[in-house]
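Okay, here's what each chain looks like letter by letter:
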Amino acid sequence: MCGIVGYTGKQNCMSILLRGLGSLAYRGYDSAGVAIWNGTTIAVTKERGKLFALEDALDKKPIEGTTGIGHTRWATHGEPNVVNAHPHTDAKGQLALVHNGIIENYRTLKEQLLREGVTFVSETDTEVVAQMIGKLYDGDPKKAVLRAMNKLEGTFALAILFRDEPDTLYCVCNGSPMVVGRGRSGSFVASDIPALLPYTRKVTFLENRQMAILQKNGIRYYDRDGNPIEKEITEVEWDVEAARKGNFEHFMLKEIHEQPDALLHTIEQYVSSRTGCLREDAFPWTKEEANQLKRLRIVSCGSAYHAGLVGKKFLEHLAKLPVEVEVASEYRYSDALYSENEPMMLISQSGETADTIAAMRMAKSRNQETVAICNVIGSTIARECDRTLFTYAGPEIAVAATKSYLTQTVVLFLLALDLAEKRGWLTHSKVQEQLERLKRVPDDMRAVLARKEQVQAYANRHALTKKMFFIGRGLDHALCLEAALKLKEIAYIHTDAYAAGELKHGTIALVEDGSLVISVATQKPLLSKMASNMEEVRVRGADILAITNGSSGMEEHCDEQWDFPEVPDMMAPFLAVIPLQLLAYYIGVARGCSIDQPRNLAKSVTVE
Ligand code: G6P
């Protein structure tokens, strides 16, 4: 979705803004622009399409200046064109602003401004904010911004540059992230951490309706009434390298390869290196509370939803805790019944997904306990939940989730072990056995990654396939849903995941000569059932690839088999997911798809 960067300092800001926008491009966008004070006026350049269009325009007509704002827009109100692109200005050219989020009461505000004689050039909700601040401005930018902010409903992160104070940026937000930081050459603002990483790792997150005023020598903070406040500085552990592609052709491939380390880093946070045991303080519930839990409600979107489905299997199998998993966009408009001792768990890589946030706030409004699994420190979900279990995946840039999904499932597994012991279903020594095995999984993952050429060759052979089916049972079915999502996102192939036993209730009618069926068969008690399901599709002409946990005797039921080093059934998802991600990746590459920024998709869906 949209991205914001802003800078004021000693250096020429054009390249800083472009670099920042480049590091936010992974969020998905369809136009981009900058506004820079050039010594005489606020010069604005905007282009439709990818960033290189803006870079070209600025190459031809550079803007010199040391204070500016930039934006990548993912269209919501009005089509993606130059007029609707940000920055937007007011009618008198007193200010330029960039905006992330959606102003819900923009129609009412616009009608009022129209009545007052303001003419609009774009269809956006953002221009309404620019015009309104312009109207309220009487020489005091801070007052005008605060007054405007108090009239706005909805979500927003705004960075504003005033003509009368051309070395200052005014920033406010509500429900849309904004992070600021000081570097050696000046002050920076962005909607997401990667844009700040080249300059500083010491950052401050603005909270709802707070204001930051950036100048080259410092940043001041204010509450919604304009009173000065102190803000805490957070040290971000990600480094710049982590947000670069390195030798990989795409971020997605790089992030798939980072999974063994991501798993290790995540384990390190939850398992004490000194004792080798689960860390007491790393999990949300005491033994007494764990035994009182009646049910866990997991709410999330996309891959995080699929991680929740895997987590359900872990928690129900290991800790005998009933779990319901819901898609956040559905849950928030459902009757959403809940009972006592039923915490809500929100899973979100970004911590900014609009529907997941809405579900979290529903829970909070009725005093239901909220626990998050999240990858981004300082994100809305991490800040607002009662408790956050962080994943340690590092920055995930490719739109398609890979390492964040994996680490979410690992945290759920560790939580399941913790609860299993506290609820008396696993002894301490059984938990230790599992942890010891888990620590060796990163090496197994590397062994699977080393066989990527096999996946690539298969992908090249099947790149033109029009339809594909993923089948599995139990944990494998949950995994199939994620595998199918990856293929849809990255390779634009119509595919779906089916519970293997459910095939004959309809879907099998679609299977014909040459249909490609990927069978995930990693769960020992279900192998004989899977074998029957594979035979059912085979006799109808399907070409079958089986993914198995060790050599499992499935080879006679399929055309090709990829096995991975044998692990206990519950750990199979950590390994099985790798060939499935690679398959989507290589098919996408073979089909010439835009891997890191698939069409129509955004990394973090901050609007409904
Ligand atoms: C988008 C992304 C997905 C992600 C989903 C949920 O659709 O493209 O990769 O799984 O949002 O995002 P979250 O940040 O809440 O995990």
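Everything that follows concerns the structure shown earlier in this document.
Residues numbered from 1 in each chain as written. Predicted model: local features only at pLDDT ≥ 70, side-chain atom pairs only at ≥ 80, totals over all residues. Heavy atoms only, no water.

(A) A look at the packing of aromatic side chains. Within the structure shown, the criterion is met by 11 aromatic pairs. Arranged with centres 5.5 Å apart and planes meeting at 50°, the rings of Y270 and F283 form a pair that is tilted. A residue pair is termed long-range when its members are at least 10 positions apart, and Y270 in helix α7 (residues 259-270) and F283 in the loop between α7 and α8 (287-292) qualify at 13 residues. The ring centre of Y222 lies 4.1 Å from the NZ or CZ of K142, which sits over that ring. (Phe/Tyr/Trp six-rings, centres within 6.5 Å; stacked < 30°, edge-to-face > 60°. Helix = DSSP H or I, 4+ residues; strand = E, 2+ residues; numbered from the N terminus. Lys NZ or Arg CZ within 6 Å of the ring centre and 35° of its normal.)

(B) Broad picture of the sheet that holds strand β13 (residues 218-222). Spatial ordering of the open sheet is given by β5-β6-β7-β8-β12-β13-β14, a layout of seven strands whose pairing is antiparallel. The sheet is open, and its two borders are formed by β5 (88-89) and β14 (228-229), each paired with just one other strand. As judged from the two bridges shared by β13 and β14, these two strands associate in the antiparallel manner. Across the sheet, residue Y221 finds its bridge partner in β14, namely I229. Sheet strands in contact with helix α4 (residues 125-136) are β5, β6 (95-100) and β7 (156-162), and its direction is about 140° off that of β6. Along the sheet, helix α5 (residues 141-149) contacts β7, β8 (169-174), β12 (211-215) and β13; its crossing angle with β8, the most-contacted strand, is approximately 15°. (Pairing = 2+ DSSP bridges. Contact = heavy atoms within 4.5 Å. Axes fitted to C-alpha atoms, helices over the stretch in contact; angles between N-to-C directions.)

(C) Structural view of unusual backbone geometry. In this model, H86 is joined to P87 through a cis peptide bond whose omega is 0°. By secondary structure assignment, the location of P87 is in the loop between β4 (67-73) and β5. Of note, R209 is a non-glycine position whose phi angle comes to about 60°, a positive value. Position of R209 relative to the elements: it lies in the loop between β11 (202-205) and β12. Despite not being glycine, A336 shows a phi value in the positive range, around 50°. Structurally, the position occupied by A336 is in the loop between α10 (328-331) and β18 (344-348).

(D) Inspection of the sheet that holds strand β16 (residues 296-300) at higher detail. As summarised here, the arrangement of the five strands in space is β17-β16-β18-β19-β20, forming an open sheet in which the pairing is parallel. Each end of this open sheet is capped by a strand with a single partner; those strands are β17 (323-327) and β20 (387-390). Sheet twist, expressed as the average angle between the axes of neighbouring strands with direction ignored, equals 20°. Lying on the sheet, helix α11 (residues 354-365) is in contact with β16, β18 and β19 (370-374); it crosses β18 at an angle near 160°.

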